[in-house]
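# Examining the three-dimensional arrangement
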Amino acid sequence: MIRDILIHPDPRLKKPCEPIAEVSAELTQLAADMLETMYDAPGIGLAAPQIGVMRRIIVMDCMKDAPPEPMVLLNPEVIWSCEDLSTYEEGCLSIPDQYADVKRPASVKVRWMDLSGEIQERQFDGLWATCVQHEIDHLNGKLFIDYLGPLKRQMITRKMEKLKREKARG
């Protein structure tokens, strides 16, 4: 089921999320809904707070012109990051049509629980590294615009407030 994506500013996007204690049928359905919502948007990552669910779950798939490689990460955490930084023009499904360069570690190792309850670890590089860090930020109540200067951040926030008013009018 495709879920509605929250648009910034929304207080839920700024709150840290609750850890997931165990995998359930409800959680598996949430993951499926999140992947469907992400692909429909279309995007390469989605965090639960973006659909108003305050739990530590993200989905992502950074394969553009290749077979899909959907990933579901429960309680993901960065356990290592390299010193090299990469700059990537980031966007966000909760901040539509707004993009800005963000510097992040070029490579990170992440630990998470999968949908079978097993602990996984993987090193992510390139776009995957950017995406996983961006989505984990969501779980901590942080948006990519929080990396920008105050003027650019305010300008984007005002555009989103206007977009929300226009959508509310229908």
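Above this note sits the structure.
Definitions and limits used
- Residues numbered from 1 in each chain as written.
- Predicted model: local features only at pLDDT ≥ 70, side-chain atom pairs only at ≥ 80, totals over all residues.
- Heavy atoms only, no water.
- Core = buried A, V, L, I, M, F, W, Y, C linked by side-chain atoms within 4.5 Å.
- Buried < 20%, exposed > 50% of the residue type's maximum accessible area, 1.4 Å probe, protein only.
- Helix = DSSP H or I, 4+ residues; strand = E, 2+ residues; numbered from the N terminus.
- Contact = heavy atoms within 4.5 Å.
- Expected span 1.5 Å × (residues − 1).
- Pairing = 2+ DSSP bridges.

So, about the nonpolar core. One recurring pattern in soluble globular proteins is that nonpolar side chains are buried together. Counting residues in hydrophobic clusters, the biggest one holds 18 residues, and the most contacted among them are Ile 58, Met 60, Met 71, Leu 73, Val 110, Phe 124 and Val 132. Mapped by element, the contributors of at least two residues to this core are β2 (57-60), β3 (71-81), β6 (107-113) and α2 (126-139). The leading source of residues in this core is α2, at seven residues. Other than its neighbours up to four places away in sequence, Val 132 contacts Ile 58, Met 60, Leu 73, Val 108, Val 110 and Phe 124.

Take α2 next. Taking 1.5 Å of rise per residue, the 14 residues of α2 would be expected to cover 20 Å, and the 21 Å separating its terminal C-alpha atoms lies within 8% of that figure. α2 sits mainly inside the fold: 13 of its 14 residues count as buried. Looking one or two residues past α2, Gly 141 carries a phi angle of roughly 75°, positive in sign.

This part covers the pairing of strand β4 (residues 85-92). Relative to strand β5 (residues 95-105), β4 runs antiparallel, the two being bridged by seven bridges. Each residue of the ladder has a partner; that of Ser 86, found in β5, is Arg 104. Between the antiparallel neighbours β4 and β5 lie two residues.

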